[in-house]
Amino acid sequence: MASTVNDPTLSPILQALNALYSGSNRQTKEQAGQFLEQFQKSQEAWTITHTILSSSALPIESKLFAAQTLRSKVIYDLHQLPGSGQLQLRSSLITLLGTYREGPKIILTQLCLALANLAIQLVQWKGALEEIISACGTDAASAPIVLEFLKVLPEEASDVKKIPLSEDELKERTRELLENNALQVLNILVAYVSSANTPQSSHALIFECLNSWLREVPLETIVNSPLLNIVFQALSNDDLFDAATDCVCSMIRETRDLDEESEIVSTLYGKVIELRPRIRESKDDPDAFRNYTQIFADAGEVWHMVIARQPRKFKSLVEAVAECAAYDEDLEVIQFTFYFWYLLKQMLVLDRYEDAKRELRDVFLGLVDILINHLHYPYEERNGDLFGNNKEQEERFRAFRHEMGDVLKDCCAVVGASFALRKAYTKVNDCLQAQNMGENIPWQDIEAPIFSMRAMAREVDLDETHVLPDVMNLLIRLPDQKTIRSAVTLVLGRYTEWTAKHPEYLEAQLTYITNGFYVNDSDVASAAAQSMMHFCRDCGQHLVNYIDQLHDFYEKVAPQIHVESLYDLTDGVAHLVAAQPLDKVYNSLKMFCTPVVARLYSRANAPAHEAGYRKIADEVELLDTFARLVHPHVEPGNPDPCMQFWSEVWPLIGLLLDNHGQSTFVSERCCKFIRTLMYSYRTSFYSLLGPVAEKLVVCFDKLHYGCYLWASGIAVREYGNEYSDQNIQSAVWEFAFRQAISTFKYMSTVNIADIPDVIEDLFRLLSNLITSYPYRFIPSELCKPSIDAARAIFTTENKEPIFAAMDLLHDIFSYGFSTPPVSNIMFNDAGEQYYDANAVPLEIQGIVKQLVLAEGEMLTRQVFSGLLYTFPRECVSDGTSVVLVLLKLAGLPTAVQWVNSTLAVLPASAITQQEKDKYLSAVDTAIRSDDMNRLRRQTMDFIGWYTRRNVTPRSEVRRIGDARDMRFTFAS
């Protein structure tokens, strides 16, 4: 034993582990961690881990590290061992399992994981499961080993991301290991659970093992075996409760595709309903209550269609789920039931299940009461705050209330919104009457049903007259407590469409809301702003003649409320301006915006700092709100009153960009405003298009912010199409061309990995250009630099620019075929329109094909490099599209040569020649038969297989061959 401890090959590892787990300083721990990480990747780790695990003198920390290392090496480094070494590993792992049969369990689990992954990967190992079970033994003493291995095997086989087998290989291996052995495993479990010699400590492991194999063993076989009763009986055993619960839930889920006539469903339903009395019994035991709620909620979700078809038979289950919701006073597990109520509602609203709706209506009515009771805020304050100044807890509670609000909507759909609303009204009215009688009613009891009214608003019919008149008269008479006032204000804002059809309630509600702006509480003011927004949107026809009074009110409260509330209020005001007659729009717009413009002019000509820049951005956002919402219909040929006003405002925007554009807040908000003007006024914006375009070019050349390219791309998309006249189209092309050239020059001076936003916005601009001007773009000076820029960005790991580059390349190369990727309305040299959906000019096809032949091989290699090593997994589909269009344009034999040259630079240990030939054959066959869809599937399968096998946390290779970082250069 002493010789093992003093083994020179072990000493560095043991010292590093000691440093890692002891009180060493940070630097020493980091060095130890790096050393151990390198050790785990080494060839020697195979032998050294076995030495450590075989030693009885070493501490458990060392053995655990060795077991974890061994597991990782089986998953990631199995290729380091020759075939004979892999077979020896099989034997040594089984031997080690015997060594640790008594524990520690954590090491036994790691060894079982290693053996399971070896069994999955070693496809030549036939009869693996039988051999392992035979070697470990089937006696009671061997139960921990066999059960642990059986438990982890299906779990590991399902983790396809880390298994280096092809899809077909994995499917076949899963069939061999799992499907073919399912009944044998079930018999083993029955034998263990029936044996008096099986240690009691292994019974939970039996259930865990059964849970892992449920998808492999026919459920009917389990239901008809002794295991069913044993699992349900185990729910009464504290030590087995959690494992048994998981088994029950898994069995229920496996009946998802069975109907109500199934004997399996009937049997399981009977077993589940027998558990109902335990809901009440366990209400004071949080863990038990959680498990039972999970069982009933899962049963409800899985059998919701069965319930709708046979509501009388299965009503007890619905009542049980409601009972779980009622008893959950701490709101810990009620969310387990939410999805069930939604699924059941989706069935009950169908005409065919009208009888079921009537049968279950009383349960849903009771659920309304349950939910309203759960909506109340905490009654006791902690440290002067209902949530003890825990903002995270407060936000969770608010979010949770909205989730319960969604369930209330489900209830409305089943029982009728008026009936549900009447329950909330009654609760508020009862509280108010009790308060009038002198009782001390907590505000929480009043606010909760008010919140429920807000949640139910969208379900209430606009012609409802049975309950809402009483509600509206009641709400504005409630106690003037701040939280109640905020809740009432928000409710009034939710029912504005109803109020628009019942204007007799409008004046009283508006008075209540406007008074809220003068309450010294930010929540009340915010609620008032939101509600005023909805009133102006939905009741504008009743308020259109009160715009002068509204302006006075707006100017009075605007300086007093938070900026987010001001946005909401401005949104409402803008809707009212938009509702004005056309001849009054200009004056109304000017009346509200002139104070904003005046404040911006004062800031534009003054020095600014960070807070000042934000103030400018906030003010521009107000202008943006008016521009976004106020765009009345104007007959063609008539002047647009809004553009008349915005033309007067434009010099201010230019001044802001000149003096404060260095602030990203100011630049981005002004570009957003420009975008809004283009979207809102379309052709009316022609008068400003020239100066705006020039300002975008000048500002980008000066500041190099991506937002200017973003706005430029929108200009191309909006005005570079066939709906603009020829002069506008030409002007937009010239402007965008200048912008792109300026960006290419800038990119030559920087590391493009440092400016991902600029690069993404450039690629989006270029994509818009090729969509609008394909036959100008491809022969232009922009095309080749665009491809070079894409190649450069592929050597970085910036996700969004890579996506944008792929879109651009695919758009460009798609014009190498005779049929364009989109149908286009084109213009000839005389400016005459013609429609061409069938033919890309031969000259354009030729240019694209020349570019592909010149750049294609290296580009194919770069894209493959990214797909295999560096690109995010979400890029696989787009990247594959780029590769396929390149290969199709290249044709045979060039396409195969390009792929072969790419595969040739892959690490020799990563792929065999046989695997290379298989993919090359697929490429050749697909191009010959013009079956690119099949090649797409095969390429994506190849990428998935290769990355699972070779791209792991251990991978030293990060890019293949000469697909290295490249610097973008541009010679103008």
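Just above sits the structure.
Throughout this document, residue positions are counted from 1 along each chain, in the order its sequence is written. The predicted origin of the model limits local features to residues at a pLDDT of at least 70 and limits the giving and counting of side-chain atom pairs to 80 or more, whereas totals for whole chains, interfaces and linings rest on all residues. Values shown for side chains rest on all heavy atoms present in the structure; no hydrogens or waters enter the calculation.

Novice: Even after reading the chapter, I still don't get the overall build of the protein, so can you show me in this structure?
Specialist: Only DSSP runs of H or I reaching four residues or more are called helices, and only runs of E reaching two or more are called strands; each is numbered from the N terminus. Within the protein, the secondary structure is distributed over 49 helices and 2 strands. By its C-alpha atoms, the protein is 95 × 85 × 65 Å across when sized along the principal axes. Relative accessibility thresholds used throughout: buried, under 20% of the residue-type maximum; exposed, over 50%; partly exposed, between the two (1.4 Å probe, protein chains only). Per-residue burial over the protein gives 56% buried out of 972 residues. Whether two residues are in contact is decided by their heavy atoms: any pair within 4.5 Å suffices. In the protein, of all internal contacts separated by at least 6 residues, the share reaching a separation of at least 24 is 75%.

Novice: Before we go on, may I ask you to explain the packing of aromatic side chains in this structure?
Specialist: Two measures describe an aromatic ring pair: the distance that separates the ring centres and the angle between the ring planes. The rule is short: rings of Phe, Tyr and Trp, with Trp giving its six-membered ring, pair when the centres are within 6.5 Å, and they are stacked under 30 degrees, edge-to-face over 60, tilted in between. All told, the structure shown has 32 aromatic pairs when counted by the stated rule. Judged by centre distance (6.0 Å) and plane angle (20°), the ring pair of Y339 and Y342 falls under stacked. One end of the pair, Y339, and the other, Y342, are both in helix 21 (residues 338-348), 3 residues apart, so they sit about a helical turn from each other. Residue class for Y339 comes out partly exposed when judged on its relative accessible area of 46%. For Y342, a relative accessible area of 34% translates into the label partly exposed. With a centroid separation of 5.9 Å and 80° between ring planes, the pair formed by Y869 and Y946 is classed as edge-to-face.

Novice: What is the right way to read helix 49 (residues 932-950) from this model?
Specialist: Along an α-helix, a turn takes 3.6 residues, which lines up residues three or four apart on a common side. Taking 1.5 Å as the rise per residue, helix 49 with 19 residues should run 27 Å; its terminal C-alpha atoms sit 26 Å apart, in good agreement. Of the positions making up helix 49, those classed as buried are M932, L935, T939, F942, I943, G944, W945, Y946, T947, R948 and N950. The inward-facing, buried residues of helix 49 contact helix 10 (167-177), helix 45 (842-870), helix 46 (876-890), helix 47 (894-904) and helix 48 (913-929). Expected span of a helix, by definition, is 1.5 Å for each gap between consecutive residues, and there is one gap fewer than residues.

Novice: Explanation requested: the environment of L268 in the structure shown.
Specialist: Mapping L268 onto the fold places it in helix 16 (residues 263-273). In this structure the C-alpha to C-alpha distance between L268 and T664, which are 396 residues apart in sequence, comes to 62 Å. The residues contacting L268, other than those within four sequence positions of it, are L228, F232, M251, I252, T255 and W303.

Novice: Looking at this model, I keep getting lost on the pattern of salt bridges. Mind explaining?
Specialist: Opposite charge on two side chains permits pairing when their charged atoms draw close. Salt bridge, as used here: a side-chain nitrogen of Lys or Arg that lies within 4 Å of a carboxyl oxygen of Asp or Glu. Overall, the coordinates contain 47 salt bridges when judged by the stated rule. With a shortest N-O distance of 3.5 Å, K151 and E208 are connected by a salt bridge. Of this pair, K151 sits in helix 9 (residues 143-157) while E208 is found in helix 12 (residues 203-213), placing the two residues 57 residues apart along the sequence. According to the relative accessible area criterion, E208 is partly exposed, its value standing at 32%.

Novice: Got a minute to help me understand the packing of helix 45 against helix 47 in this structure?
Specialist: Any two packed helices are characterised by how steeply their axes cross, that is the angle between the axes, and by the distance between the axes. Where helix 45 meets helix 47, the axes come as close as 9 Å, and the angle between the chain directions of the two elements is 40°. Between helix 45 and helix 47, the angle is such that the two are oblique. Taken as a pair, helix 45 and helix 47 cross one another with a handedness that is right-handed. Contact residues: V852, L853, G856, E857, T860, R861 and F864 in helix 45; W898, S901 and T902 in helix 47. Polarity classes work like this: nonpolar for Ala, Val, Leu, Ile, Met, Phe, Trp, Tyr, Cys and Pro, charged for Asp, Glu, Lys and Arg, and polar for all others, with Gly in that last group. Looking at the contact of helix 45 with helix 47, its residues break down into 4 nonpolar, 4 polar and 2 charged. Orientation is described by axes fitted as lines to C-alpha atoms, over the contacting stretch for helices, and by angles from 0 to 180 degrees between their N-to-C directions. Comment on the angle field: the value is read as roughly parallel under 35 degrees, roughly antiparallel over 145, roughly perpendicular from 65 to 115, and oblique elsewhere. Crossing handedness: left-handed means the near helix sits turned counterclockwise from the far one by under a right angle, and right-handed means the same turn made clockwise.

Novice: What should I look at first to understand the environment of R603 in this one?
Specialist: Along the polypeptide, R603 turns up in helix 34 (residues 582-604). Distance from R603 to M747, taken between C-alpha atoms, is 33 Å for residues 144 residues apart in sequence. Those residues in contact with R603, other than ones at most four positions away along the chain, are G612, K615, I616 and H660.

Novice: Any chance you could explain the packing of helix 37 (residues 664-681) against helix 39 (residues 706-719) here in plain terms?
Specialist: Put simply, helix 37 and helix 39 touch, their axes get as near as 9 Å, and they point 5° apart. With respect to helix 39, the axis of helix 37 lies roughly parallel. Here helix 37 contributes S667, E668, C671, K672, R675, M678 and Y679 to the contact with helix 39, which in turn contributes C707, Y708, W710, A711, I714, A715, R717, E718 and Y719. The residue makeup of the contact of helix 37 with helix 39, split by class, is 10 nonpolar, 1 polar and 5 charged.

Novice: What is the right way to look at the nonpolar core in this model?
Specialist: Buried together is how nonpolar side chains tend to be arranged in soluble globular proteins. For the purposes of this section, nonpolar cores are sets of buried Ala, Val, Leu, Ile, Met, Phe, Trp, Tyr and Cys residues that join through side-chain atoms within 4.5 Å. W303, F626, W646, F744 and F813 are the most contacted members of the largest nonpolar core, which totals 362 residues. If near-sequence neighbours (up to four positions away) are discounted, F813 is found in contact with I787, V848, V852, L859, V885, L886 and L889.

Novice: What should I look at first to understand helix 25 (residues 443-456) in this one?
Specialist: The end-to-end C-alpha distance of helix 25, which contains 14 residues, comes to 21 Å, matching closely the 20 Å that a straight helix rising 1.5 Å per residue would cover. Across the 14 residues of helix 25, 13 count as buried, placing the element largely inside the fold.

Novice: What should I look at first to understand the side chain of S724 in this one?
Specialist: Relative to the helices and strands, S724 is located in the loop between helix 39 and helix 40 (726-747). There is a polar contact of 3.0 Å between the side chain of S724 and the backbone oxygen of Y719. Apart from residues lying up to four places away in sequence, S724 is in contact with Y686, E718, Y719 and Q729. In protein, a polar contact requires one atom able to donate a hydrogen and another able to accept it; more generally it is a pair of N or O atoms within 3.5 Å, and residues adjacent in sequence count only if both atoms are side-chain atoms.

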